Structure formats: C-alpha cells, structure tokens
Amino acid sequence: MLRSDRRFPFTSSAGAPRKDAGKMNILAPVRRDRVLTKLPQCLRKEAALHVHKDFQPRVTCACQEHRTGTVGFKISKVIVVGDLSVGKTCLINRFCKDTFDKNYKATIGVDFEMERFEVLGVPFSLQLWDTAGQERFKCIASTYYRGAQAIIIVFNLNDVASLEHTKQWLADALKENDPSSVLLFLVGSKKDLSVSVPVVGEDFTSRQGKPHAQHLTLTFLQTPAQYILMEKDALKVAQEMKAEYWAVSSLTGESEAPGLPACLASHSYTSSCAPRPGTTLELLSAPCVR
Ligand SMILES: Nc1nc2c(ncn2[C@@H]2O[C@H](COP(=O)(O)OP(=O)(O)OP(=O)(O)O)[C@@H](O)[C@H]2O)c(=O)[nH]1
C-alpha cells in the first residue's frame, strides 16, 4: 500500500534506506532544525492539565515525580486527507525532507513517514500518514484514520471544489477519532500557482506540462482578487471546523507548517500527563510521596 516507487517505512530523513532499519533502538541523532528549545507561551508545560490548581492532587504529585510511567511525549499520529492531487504528499515531503517532486504519482492506499524531534530536551516523534485522495482507495485509507492526534485537511487553493470537499473529508476522519481531543488544520496548497502572475487563458496542463492534468477538472484562479476570495472562503470553512488555517506552497516551501511540531508536542505532553483510566485508579490508591 505504499507508493511503489517512493518511500518505505524506516527511511532516513534524507529518504535513503537506513542501514539500521529493523533495529529501532539505534537511532541517528535528531536533525539540528528539529530541536526545539522553546515553546510558545500557550503550549508550555504550564498548560498541562496536571499543573492546574484544581486537578486531582495525587495524580498531580505522581506526574511531578514522573511516577506515572506515561509522562513524556507520546508519539503523535497525524493523518493528511484531501482530494486527489491537491498536494498532500508534496506537503509531507517538504516538511520531512525539504524536497519537492513536480511529477505526480498517485498514493496507493496510504504512505507513512516518521519524523523525530527533540522538544525541551525530550525526544518526540511525529507519525505522518499520507492517505490517497482517489475515491477507489478511500476505503483502504480510511482504515488508518483511527487514533490520530491531528488531522490535516488539504485543499488546492486553485480548485474551489476541493475546498468544498474538505467538510466531507473531515467528517469521515472524525468518525474514527474523538472530535473533542483532535487538533485540526486546514491547509490550502499550491499557493505559488495562485499568487504568481497568471497568463490569461493558460490552463493547468500547459502551465505545468503534466498530461495527467487533462483528466482533472480544475478551476484555475486567474487574478489576485480571486485568490483573496478563495482565502476568505477558506478562512470561513476553517472557522466552522475550528481548524487552524495555513496557505502553503510545497514548491517554494512558503509557510511550511511552522507551528506543527510544537503544537503537537504540547498536545501530546498534556495528554500524556492526563490520567488514563487504568493509571488513575492505580495512582489514587497509591500514597503520595513528597
Ligand atoms: N505548483 C505546485 N505544484 C504542486 C504543489 N504541491 C503539489 N504540487 C503538484 O501537484 C501534483 C500532485 O501532488 P501530490 O502531492 O502527489 O498530490 P496528492 O494529494 O498526494 O495526490 P493523491 O496521492 O492522488 O491523493 C504533483 O504534480 C505535484 O508536483 C505546490 O505547492 N505547487
């Protein structure tokens, strides 16, 4: 179910197969640009539930002494959904490998990337699940939706229909996840095509030189004014979804998900600290050692 000619699990961040694939305990050092030493105010440790004044005192105490066995960053699972060819794979490739491929290769089912970070000195991993936009693979892809901490819904800033479809993508993804705890991001892709000075009358095929585009019904925005309207609509949809909104270009790397790791790390930290059903019972009956 992986892109046959692309990646496979456990590749290095450069995309090459790792010599130590299969030996998960030997890890290469985290890339320097993946080391976060500071989180935004609202995402710091102080935001964790267990530090709130009225939180269960014994659990708070256990968390402070790292006795829960769960304190630390959990792996965050992120699923990326959206219409066919909107640029989901390119978005992930830009984020994980800082690369861009202008050739379209449809994702078959799902694809997977693991990205490692260090946040405030603590290792943190992001699992990025790239799902197929093609209708015929939707059934396979949706089996991977469960257990996501974040959902990234991608649409093409030049294709109004793809924005309209985001609501359905979200509804499908939320069937498998808890809407109250999942973080949502609405991402408008291919910003470079919208804001670059368009050649009037030029279509997608001639602009990109991709034969596959002939099969797609795309409405190309021709003027900056139309782009502004599209962004306005997108912001409205994001508001309705309670999602954070980004407009990005994977081609240029513009606005590439800057806050994503910090946001997810914090989310993962706070949810790690919150008592899970089993843990809570155990902790409540244990004496609080100071
Ligand atoms: N100009 C431009 N082209 C882009 C951008 N992002 C993606 N593309 C192109 O759009 C096409 C589709 O990109 P993909 O990332 O494969 O799309 P996808 O959403 O993963 O497609 P499926 O796997 O079929 O769901 C490719 O030809 C990319 O090169 C962008 O930011 N700018």
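Report on the accompanying structure. (Residues numbered from 1 in each chain as written. Predicted model: local features only at pLDDT ≥ 70, side-chain atom pairs only at ≥ 80, totals over all residues. Heavy atoms only, no water.)

**A word on the side chain of Lys 88**
Here's step 1: Turning to its location among the elements, Lys 88 is positioned in helix H2 (residues 88–97).
Here's step 2: Put simply, Lys 88 is tucked away with no salt bridge, and the nearest opposite charge, on Asp 130, sits 5.6 Å away.
Here's step 3: Residues contacting Lys 88, with those up to four places away along its chain left out, are Val 80, Val 81, Gly 82, Asp 83, Asp 130, Thr 131, Ala 132, Gly 133 and Val 154. (Helix = DSSP H or I, 4+ residues; strand = E, 2+ residues; numbered from the N terminus. Buried < 20%, exposed > 50% of the residue type's maximum accessible area, 1.4 Å probe, protein only. Lys, Arg positive; Asp, Glu negative; His and termini not counted. Salt bridge = Lys/Arg side-chain N within 4 Å of Asp/Glu carboxyl O. Contact = heavy atoms within 4.5 Å.)

**Quick word on the pattern of salt bridges**
Here's step 1: Within this structure, the stated rule accounts for seven salt bridges.
Here's step 2: Between Glu 113 and Lys 97 there is a salt bridge, with its nearest N and O atoms 3.4 Å apart. Of this pair, Glu 113 sits in strand E3 (residues 110–119) while Lys 97 is found in helix H2, placing the two residues 16 residues apart along the sequence. Here Glu 113 and Lys 97 have matching classes, each one buried.
Here's step 3: The closest approach of N and O atoms between Asp 172 and Lys 138, which form a salt bridge, is 3.1 Å. Of the two residues, Asp 172 is situated in helix H5 (residues 166–175) and Lys 138 in helix H3 (residues 138–142); the sequence distance between them amounts to 34 residues.
Here's step 4: The exposure class of Lys 138 is buried, given its relative accessible area of 18%.

**Quick look at unusual backbone geometry**
Here's step 1: Positioned with a positive phi, Asp 98 is a non-glycine residue whose angle comes to about 55°.
Here's step 2: Looking at where Asp 98 falls in the secondary structure, it is placed in the loop between H2 and E3.
Here's step 3: Judged by relative accessible area, Asp 98 falls into the exposed class, the value being 52%.

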